[in-house]
Amino acid sequence: MLTRRHFITTSAALFSSAPLAGPVWAEASASQWAKWDARVTPANYDPATSNPWGFHPRYLPQRVQANDGLTPGDIHVDAIARYLYHIQADGTAMRYGVSIARGNLYEHGTYTIRRKAKWPKWTPTKDMIERDPAQFEQYADGVPGGPTNPLGSRALYLFVGNRDTYLRIHGTPHPKSIGGRASSGCVRMVMAHIIGLYDQVEPGAQAILYPAEVTASS
């Protein structure tokens, strides 16, 4: 398991790039995405220090030293420490704070990121609707992308082989949940943080989700 013993904190850094040019309809979407990106990014944003959300500073993005032998481009989620690590080619990793699923809804394992999306539509799964129809049935037809959408600003889609697991690493409109257990299965990140991560992640990379601590509801 990846813990603080496996990583040494150094300087913080994030990288992002401008939206890609495309046809007229894509440019219109990109324009709206840019407005939403600005809406969820703090003024004078510095990923190492900006924390209007008020969670523990250890969950702010930091560059750390990675273990030897880890594959650049892969993601590792330490579910106990609530950290996500994105492994870099120079032997470092970018570390971010996350929230994981409640109780036994968290599913550890090794997954492949086969799809990425900006400001994606969200549709609750059949299992979610069956567990809590009062909360989720009203959204059975899906919720369009936007700042209040449960998937937030970006989503990475986790597959096993060619099977979509319906697990995601995604932004959240509830950033105060970072560091806790709050979701229905996915790994949550601050929207501004996953915007910085998104362009660095290539489809085909692996996401390794390590086991979480045992809870009373597990």
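To keep things clear, this report deals only with the structure shown in the data block. (Residues numbered from 1 in each chain as written. Predicted model: local features only at pLDDT ≥ 70, side-chain atom pairs only at ≥ 80, totals over all residues. Heavy atoms only, no water.)

A tally of helices and strands in the protein yields four helices and twelve strands. Residue burial in the protein is summarised as follows: out of 218 residues, 47% are buried. Considering only contacts in the protein between residues 6 or more positions apart, those separated by 24 or more positions represent 69%. Working note: accessible area of the protein is about 10,800 Å², and carbon and sulfur atoms make up 52% of it. (Helix = DSSP H or I, 4+ residues; strand = E, 2+ residues; numbered from the N terminus. Buried < 20%, exposed > 50% of the residue type's maximum accessible area, 1.4 Å probe, protein only. Contact = heavy atoms within 4.5 Å. Areas by Shrake-Rupley, 256 points an atom, 1.4 Å probe, with all protein chains shown as cover.)

The next thing to look at is the packing of aromatic side chains. In this structure the tally under the stated criterion is five aromatic pairs. Aromatic side chains Tyr83 and Tyr85 sit 6.0 Å apart centroid to centroid with 75 degrees between the ring planes, which places their arrangement in the edge-to-face category. These aromatic residues form a ring-pair network of at least three members: Trp53, Phe55, Tyr59, Tyr83 and Tyr85. One residue, Arg154, lies across the ring of Tyr198, its end atom 5.4 Å from the ring centre. (Phe/Tyr/Trp six-rings, centres within 6.5 Å; stacked < 30°, edge-to-face > 60°. Lys NZ or Arg CZ within 6 Å of the ring centre and 35° of its normal.)

It is worth spelling out the side chain of Arg95 at this point. Residue position: Arg95 is located in strand E5 (residues 92-97). It turns out Arg95 is buried and unbridged, and the closest side chain with the opposite charge, Asp78, is 8.5 Å from it. Among the polar contacts made by the side chain of Arg95, one reaches the main-chain carbonyl oxygen of Arg58 at a distance of 3.4 Å. (Lys, Arg positive; Asp, Glu negative; His and termini not counted. Salt bridge = Lys/Arg side-chain N within 4 Å of Asp/Glu carboxyl O. Polar contact = N/O pair within 3.5 Å; in protein donor to acceptor, adjacent residues only side chain to side chain.)

Let us look at the pattern of salt bridges. Tallied over the entire structure, the rule returns four salt bridges. A salt bridge links Glu213 to Arg82; the shortest N-O distance between them is 2.9 Å. Within this pair, whereas Glu213 is found in the segment after strand E12 (206-209), its partner Arg82 is found in the loop between strand E3 (75-78) and strand E4 (83-87), the two being separated by 131 residues in sequence. A relative accessible area of 7% places Arg82 in the buried class. Among the ionic pairs, Arg168 bridges to Asp164, the shortest N-O distance being 2.7 Å. In this structure Arg168 comes out as buried when scored by relative accessible area, which is 10%. Overall, Asp164 belongs to the partly exposed group, its relative accessible area being 22%.

Moving on: the nonpolar core. Core analysis: the largest hydrophobic core is formed by 25 residues, its most contacted members being Ile75, Leu84 and Ile169. In terms of residue count, helix H4 (residues 191-198) provides more of this core than any other element does, three residues in total. With sequence-adjacent residues up to four places away left out, Leu84 is seen in contact with Ile75, His76, Val77, Met94, Arg95, Tyr96, Val98, Ile169, Met189 and Leu197. Grouped together as the second largest cluster of nonpolar side chains are 14 residues, Tyr59, Val64, Ala66 and Val190 included. (Core = buried A, V, L, I, M, F, W, Y, C linked by side-chain atoms within 4.5 Å.)

A few words now on H4. Burial analysis of H4 places eight of its eight residues in the buried class, the great majority of the element. For H4, the complete set of buried residues consists of Met191, Ala192, His193, Ile194, Ile195, Gly196, Leu197 and Tyr198.

Any link to function would need more than the numbers given here.
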